[in-house]
Amino acid sequence: MDINLESYLNGRVGRINEALLFLLREMTENQVPTRIQEAMAYSLMAGGKRIRPVLCIAAAEALGAPSIDNIEDYNANIWLAACALEAIHTYSLIHDDLPAMDDDQLRRGKATCHVAFGEATAILAGDALLTVAFEWLSSMKAETKTQAVAQIDIIHRISKAAGYSGMIEGQMRDLTAENVKLAPDELERMHRLKTGALIQSAIYTGARLAEGNAEQIHRLDQFAQFIGLAFQISDDILNVEGNPDEMGKAVGTDSQRNKNTYPSILGLEESKALGQKIINNALKMLDGFDSRSDPLRVIASYIIERTC
Ligand code: IPE
Ligand code: IPE
Ligand code: MG
Ligand code: MG
């Protein structure tokens, strides 16, 4: 499969944005949105690369699920799951930007949620995005017992990834380690938790929706572990040398806040080399998968080559 990454991502992001808008409209039931709905939509539709839903869909398609190009119904399981992952991610960004956390003013090229709506509304918008994700996941339809088991497993896995033993623990470590220098293995653990876990759960979700077998799911899970870690290493590198206009968020903030990052512990060049090594390891996990997994291959490379 010959893939042009830019047009592939643009096409996917376009459909994901349509799905999110559809579900937001369904939520407001054609009434004027309430203030909380406005804040949710503001952050959710502010832009963003949509990498978690893209990965969920690509994993499903790699294992033979029907292409989303043929799925017009935005209440279909793949869309509900993809949108739920993006809602959880967006909630995590809103809370990550709060004054008590990273205290950032710019996100996705716009004022952060608390700057635009006030802190209390931003906290609640985050809570509401996290919970609506589980509303969407639990509205997926299961026609067979296998599908019903997969649905529960997906919900369980995403809850764990987002929760106290996943992203929340990672965020806790990130905050408590400000001004404390972490050992490289602790830094890796923190990155796997705060960013890797949700990315891993996105790929797991796609694989289970496609009814992949145990071996396929295991391989994709290992692929996901590698790219999840590499994604946060890139985020750290971009915070040093990225272009803030392109990224839609401030740079230089990690060092201002004495965060533990790969560049601060290993240096820029070593961080880049490590990112490349991790992606090479990720790609090896796809050996034996056919050309339907080519999108996963190009996304893996994009993760360390991206400029925003
Ligand atoms: C930024 O995530 C925060 C991390 C977990 C690294 P993204 O880089 O995916 O942000 P958006 O969704 O494109 O705005
Ligand atoms: C964000 O990590 C991780 C989560 C939101 C869970 P960062 O704080 O490093 O991400 P940015 O740089 O603000 O996007
Ligand atoms: Mg943070
Ligand atoms: Mg941050």
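Right, let's walk through the structure included here.

Reading the values: rules and limits
- Residues numbered from 1 in each chain as written.
- Chains lettered and ligands numbered in written order.
- Predicted model: local features only at pLDDT ≥ 70, side-chain atom pairs only at ≥ 80, totals over all residues.
- Heavy atoms only, no water.
- Near = heavy atom within 4 Å.
- Polar contact = N/O pair within 3.5 Å; in protein donor to acceptor, adjacent residues only side chain to side chain.
- Helix = DSSP H or I, 4+ residues; strand = E, 2+ residues; numbered from the N terminus.
- Nonpolar A, V, L, I, M, F, W, Y, C, P; charged D, E, K, R; others polar.
- Buried < 20%, exposed > 50% of the residue type's maximum accessible area, 1.4 Å probe, protein only.
- Arc of directions from axis to C-beta.
- Contact = heavy atoms within 4.5 Å.
- Donors = N, O, S within 2.8 Å, 3.2 Å for Na, K, Ca; no water.
- Areas by Shrake-Rupley, 256 points an atom, 1.4 Å probe, with all protein chains shown as cover.
- Phe/Tyr/Trp six-rings, centres within 6.5 Å; stacked < 30°, edge-to-face > 60°.
- Core = buried A, V, L, I, M, F, W, Y, C linked by side-chain atoms within 4.5 Å.
- Axes fitted to C-alpha atoms, helices over the stretch in contact; angles between N-to-C directions.
- Left-handed = near helix turned anticlockwise from the far one by under 90°.
- Salt bridge = Lys/Arg side-chain N within 4 Å of Asp/Glu carboxyl O.

This part covers the site of ligand 1. With respect to spatial proximity, the complete set of residues near ligand 1 consists of Gly48, Lys49, Arg52, His89, Leu93, Arg108, Thr195, Phe231, Gln232, Asp235, Lys249 and Arg306. In the environment of ligand 1, an oxygen atom lies 2.7 Å from a nitrogen or oxygen atom belonging to the side chain of His89. For the shell around ligand 1, the secondary structure elements donating two or more residues are α4 (77–96) and α10 (214–241). Of the residues forming the shell around ligand 1, the biggest block, three residues, is contributed by α10. A breakdown of the residues in the shell around ligand 1 according to their chemical character gives two nonpolar, four polar and six charged.

It is worth spelling out helix α8 (residues 167–176) at this point. Among the residues of α8, Met167, Gly170, Gln171 and Asp174 are the ones counted as buried. Along the axis of α8, the buried residues cluster in a sector spanning 100°; they form a single face. The inward-facing, buried residues of α8 abut α4, α7 (145–162) and α9 (184–209).

Now for the coordination of the magnesium ion (ligand 3). Bound to the magnesium ion (ligand 3) on the protein side are Asp96 (OD) and Asp102 (OD), at distances that span 2.2 Å. Metal-to-metal, the separation of the magnesium ion (ligand 3) and the magnesium ion (ligand 4) is 3.1 Å; Asp96 coordinates the two.

Attention now goes to the side chain of Thr112. With respect to the element layout, Thr112 can be found in the loop between β2 (110–111) and α5 (113–117). For Thr112, the side chain forms a polar contact with the main-chain oxygen of Asp104, separated by 2.9 Å. The contacts of Thr112, once residues within four sequence positions are left out, are Tyr42, Asp97, Asp104, Gln105, Leu106 and Arg107.

Take the site of ligand 2 next. With respect to spatial proximity, the complete set of residues near ligand 2 consists of Ser92, Leu93, Asp96, Asp102, Arg107, Met167, Gln171, Lys194, Thr195, Gln232, Asp235 and Lys249. Starting from 390 Å² of accessible surface for ligand 2 in isolation, the protein chains cover 92%. Listing elements by their share of the shell around ligand 2, those giving two or more residues are α4, α8, α9 and α10. With three residues, α4 is the largest single contributor of residues to the shell around ligand 2. Looking at side-chain class alone, the shell around ligand 2 contains two nonpolar, four polar and six charged residues.

Here we take up the packing of aromatic side chains. Aromatic ring pairs: the centre-centre distance and the angle between the two ring planes describe each pair. Per the stated rule, a full pass over the model turns up three aromatic pairs. Each ring, one from Phe22 and one from Tyr74, has its centre 5.9 Å from the other, and the planes form 50°; the classification is tilted. Of this pair, Phe22 sits in helix α1 (residues 5–28) while Tyr74 is found in the loop between α3 (51–62) and α4, placing the two residues 52 residues apart along the sequence. On the basis of relative accessibility, which here comes to 8%, the residue Tyr74 falls in the buried class. An angle of 70° between the planes, with centres 5.2 Å apart, marks the rings of Tyr42 and Phe117 as edge-to-face. Taken together, the residues span a long stretch of sequence, with Tyr42 in helix α2 (residues 35–44) and Phe117 in helix α5 at a distance of 75 residues. As far as burial versus exposure is concerned, Tyr42 and Phe117 are alike and both buried. Members of the aromatic cluster, joined through ring pairs, are Phe22, Tyr74 and Trp79.

The next point concerns the nonpolar core. Core analysis: the biggest nonpolar cluster contains 89 residues, and Trp79, Leu220, Phe223, Ile227 and Ile299 have the highest contact counts within it. Sort the elements by how many residues they give to this core and α4 lands first, with 12 residues. When residues no more than four places from it in sequence are discounted, the contact partners of Phe223 are Ile203, Ala282, Met285, Leu286, Leu296 and Ala300.

In this section: the packing of α3 against α9. For any two helices packed against each other, the geometry comes down to the angle between their axes and how far apart the axes lie. Contact geometry of α3 with α9 gives a least axis separation of 6 Å together with a crossing angle of 35°. Considering how the two elements wind past one another, α3 and α9 form a crossing that is right-handed. Facing Arg52, Leu55, Cys56, Ala59 and Ala60 of α3, the residues of α9 in contact are Thr195, Leu198, Ile199, Ala202, Ile203, Thr205, Gly206 and Ala207. A per-class count over the contact of α3 with α9 returns nine nonpolar, three polar and one charged.

Note that Gly212 resides in the loop between α9 and α10. Gly212 sits in the buried class, given a relative accessible area of 16%. Ignoring any residue separated from it by four or fewer positions in sequence, one finds Gly212 in contact with Leu63, Ala207 and Ile217.

This next bit is on the pattern of salt bridges. Taken as a whole and judged by the stated rule, the model has 20 salt bridges. Of the charged contacts in the structure, one is a salt bridge between Arg12 and Glu61, with a shortest N-O distance of 2.8 Å. Here Arg12 is found in helix α1, whereas its partner Glu61 is found in helix α3, with 49 residues between them in sequence. The same class applies to Arg12 as to Glu61, namely buried. Between Arg208 and Asp153 there is a salt bridge, with the nearest N and O atoms lying 2.7 Å from each other. A residue pair is termed long-range when its members are at least 10 positions apart, and Arg208 in helix α9 and Asp153 in helix α7 qualify at 55 residues. Among the charged side chains, a network of salt bridges with common partners joins Asp102, Asp174, Glu178, Lys194 and Lys259.

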